[in-house]
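Spelled out from the first residue to the last, the chains are:
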Number of protein chains: 2
Amino acid sequence: MKLQQELKLKQPLASVNHEALLSLVRTSSLMQKLSDRFFSRYGLTDVQFNILMILSEHGRDGLSQQELSEHLIVTKSNVVGLIDRLERGGYVKREAHPSDRRFNQIVLTPKGEKLESKVEKSYFREVDKMMNILTASEKRTLIQAMERIRHYIVNNGA
Amino acid sequence: MKLQQELKLKQPLASVNHEALLSLVRTSSLMQKLSDRFFSRYGLTDVQFNILMILSEHGRDGLSQQELSEHLIVTKSNVVGLIDRLERGGYVKREAHPSDRRFNQIVLTPKGEKLESKVEKSYFREVDKMMNILTASEKRTLIQAMERIRHYIVNNGA
DNA sequence: TCCACATAGTTCATATATAAACTATCAACC
DNA sequence: GGTTGATAGTTTATATATGAACTATGTGGA
């Protein structure tokens, strides 16, 4: 569907720049909703799955909440609640750092590991299904264009 | 910066599909943060400005909260709080519908109108600055590709 | 007319996100 | 070795978002 109808705009978008921006934002927001539905089948949110996936890359020592916040690109205060909920579900544990008591080492439980590896397979199948709608050339253009936009934001918006 | 570093991934992204998807999601999230900073200069959030802009298109009769929720593509329960906060700030008013007492007609106050028109100018300047980083051809490709992705989501994810 | 159903808005529980203020711990330096 | 400053995590206030359950109102049919 055309953006103008999707957003119920009374007038066509006057500027291609604005149309391109809204295209991107609206698509990302729809992807978010699709991903909410997908992960809720496993009793997870997308962010929770992301944490499980990051932790599964990092083995027995896990990551501190500070490190997690850097991987997730959110504030450390946000991580507190995220880990609280995952801990309540039995998917992760807060363990003491052996030499520095300021740190929590966040590690997957066996239950968390099991769920992660199950969901991950299904997740990548869905990603392929959706993204194969684009041609290889479109994907290259997209990746490249998005990188330039991020470069602009990081160097100007901050 | 390359996505792999931005997301602190230990390994390069195995699939172009996943890389394209994360490009998009990560860029949209950075845009969100940029827009947070932009609108906070005016004491607004991006969603609040969006509401003001939608209302300014719709004149004296305004919109019901239900209609607003359709424009914003959020649930009606979310709109309650959004309008509460805008009303508290003096930017909008809930008015009674003349013939159907179920409806609130949401309209801009003069204060809301004034702020909207001021912020809007500045907003479009910023959009142009950022999106002019892309070539006209990249923007066309982006708009077109995003539309196909949204079509897929609406027809498969629902 | 009254009953059933639909519609608009609200409330509540929950999840995500930030910034600011706070506690606890550690490290470094004089 | 004690003060100073940095770092890790928590708490609180606020904003956004959903879905489910609720109230109030309107509509249409038997």
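The rules behind these values
- Residues numbered from 1 in each chain as written.
- Chains lettered and ligands numbered in written order.
- Predicted model: local features only at pLDDT ≥ 70, side-chain atom pairs only at ≥ 80, totals over all residues.
- Near = placed C-beta within 6 Å.
- Helix = DSSP H or I, 4+ residues; strand = E, 2+ residues; numbered from the N terminus.
- Nonpolar A, V, L, I, M, F, W, Y, C, P; charged D, E, K, R; others polar.
- Contact = placed C-beta atoms within 7 Å.
- Core = buried A, V, L, I, M, F, W, Y, C linked by C-beta atoms within 7 Å.
- Buried ≥ 20, exposed ≤ 12 C-beta atoms within 10 Å, placed from the backbone.

Time to look at the protein's contact with DNA strand D. In the region of DNA strand D, 22 residues are neighbours, and Ser77(A), Thr45(B), Val74(B), Ser77(B) and Asn78(B) sit closest. Of all the secondary-structure elements, those providing two or more residues to the surface near DNA strand D are helix H4 (65–72) and helix H5 (76–88) of chain A together with helix H3 (46–56) and helix H5 (76–88) of chain B. Among the residues forming the surface near DNA strand D, the class breakdown is five nonpolar, 11 polar and six charged.

Before going further, it helps to examine the interface of chain A and chain B. Contact with chain A, which involves 44 residues of that partner, is made by 44 residues of chain B. Elements represented by at least two residues in the side of chain A that touches chain B include exactly helix H2 (16–40), H4, helix H6 (110–131) and helix H7 (136–157) of chain A. Ranked by residue count, the leading element in the side of chain A that touches chain B is H2(A), at 16 residues. Looking at side-chain class alone, the side of chain A that touches chain B contains 23 nonpolar, nine polar and 12 charged residues.

A separate point is the protein's contact with DNA strand C. Of all residues adjacent to DNA strand C, which total 23 residues, the nearest are Thr45(A), Val74(A), Ser77(A), Asn78(A) and Ser77(B). Listing elements by their share of the surface near DNA strand C, those giving two or more residues are helix H3 (46–56) and H5 of chain A together with helix H4 (65–72) and H5 of chain B. Residue classes in the surface near DNA strand C are distributed as six nonpolar, 11 polar and six charged.

Tracing the sequence through the fold places Val25(A) in helix H2. When near neighbours in sequence (up to four residues on either side) are disregarded, Val25(A) contacts Ser28(B) and Met31(B).

Judged by nonpolar contacts, the single largest core of 20 residues is most densely connected at Ala20(A), Leu142(A), Ala20(B) and Leu142(B). Of all the secondary-structure elements, those providing two or more residues to this core are H2 and H7 of chain A together with helix H2 (16–40) and helix H7 (136–156) of chain B. Residues contacting Leu142(B), with those up to four places away along its chain left out, are Ala20(A), Ser23(A), Leu24(A), Leu142(A) and Ala145(A).

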